[in-house]
Amino acid sequence: MSTKQQTLSWLAELPEDSSAWRELHDVARLLRDIAEAEEDVRNGRERPLSEARELLEQKWTQRR
């Protein structure tokens, strides 16, 4: 049985109302986002830290 098949088998055993679903979802989303960010870096689609910091500061200023 492949790793994917084994994982899906374990997931199928979880009850629908298990709190583990939210945690698994969050971890999977984080791993996907990290993989996308790493691909962006490999392909030269990154921003300098100072620019990213400025964009985040603008975003949070608008929320207040």
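Further up the page is the structure itself.
First, a word on what this report is: a plain description of the structure on this page. (Residues numbered from 1 in each chain as written. Predicted model: local features only at pLDDT ≥ 70, side-chain atom pairs only at ≥ 80, totals over all residues. Heavy atoms only, no water.)

### Some points on the overall build of the protein chain
Next up, step 1: Helices and strands together make up the secondary structure of the protein chain, namely three helices and zero strands.
Next up, step 2: N-terminal to C-terminal, the α/β element order of the protein chain is α-α-α.
Next up, step 3: Relative to the 2.2 N^0.38 estimate, which gives 11 Å for 64 residues, the radius of gyration of the protein chain is 18 Å and therefore markedly larger than a compact globule would have.
Next up, step 4: For the protein chain, the spread of C-alpha atoms along the three principal axes comes to 45 × 35 × 10 Å.
Next up, step 5: Taking all 64 residues of the protein chain together, the buried fraction comes to 0%.
Next up, step 6: Accessible surface for the protein chain amounts to roughly 6,200 Å². Of this, 54% is attributable to carbon and sulfur atoms.
Next up, step 7: Across the protein chain, the 11 positively charged side chains and the 14 negatively charged ones have centroids separated by 5 Å. (Helix = DSSP H or I, 4+ residues; strand = E, 2+ residues; numbered from the N terminus. Rg over C-alpha atoms; globule rule 2.2 N^0.38 Å. Buried < 20%, exposed > 50% of the residue type's maximum accessible area, 1.4 Å probe, protein only. Areas by Shrake-Rupley, 256 points an atom, 1.4 Å probe, with all protein chains shown as cover. Lys, Arg positive; Asp, Glu negative; His and termini not counted. Charge placed at Lys NZ, Arg CZ, Asp CG, Glu CD.)

### Observations concerning a nonpolar patch on the surface
Next up, step 1: Residues V27, L30, L31 and I34 make up a contiguous nonpolar surface patch of about 360 Å² in total accessible area.
Next up, step 2: For V27, the position within the fold is in helix α2 (residues 20-42).
Next up, step 3: Using a relative accessible area of 42% as the deciding quantity, one classes V27 as partly exposed. (Patch = residues over 30% accessible without salt bridge, like charges linked within 9 Å, V, L, I, M, F, W, Y side chains within 5 Å. Salt bridge = Lys/Arg side-chain N within 4 Å of Asp/Glu carboxyl O.)

### Some words on the environment of G44
Next up, step 1: Structurally, G44 can be placed in the loop between α2 and α3 (49-63).
Next up, step 2: Here the alpha-carbon distance between G44 and L14, two residues 30 residues apart in the chain, equals 41 Å.

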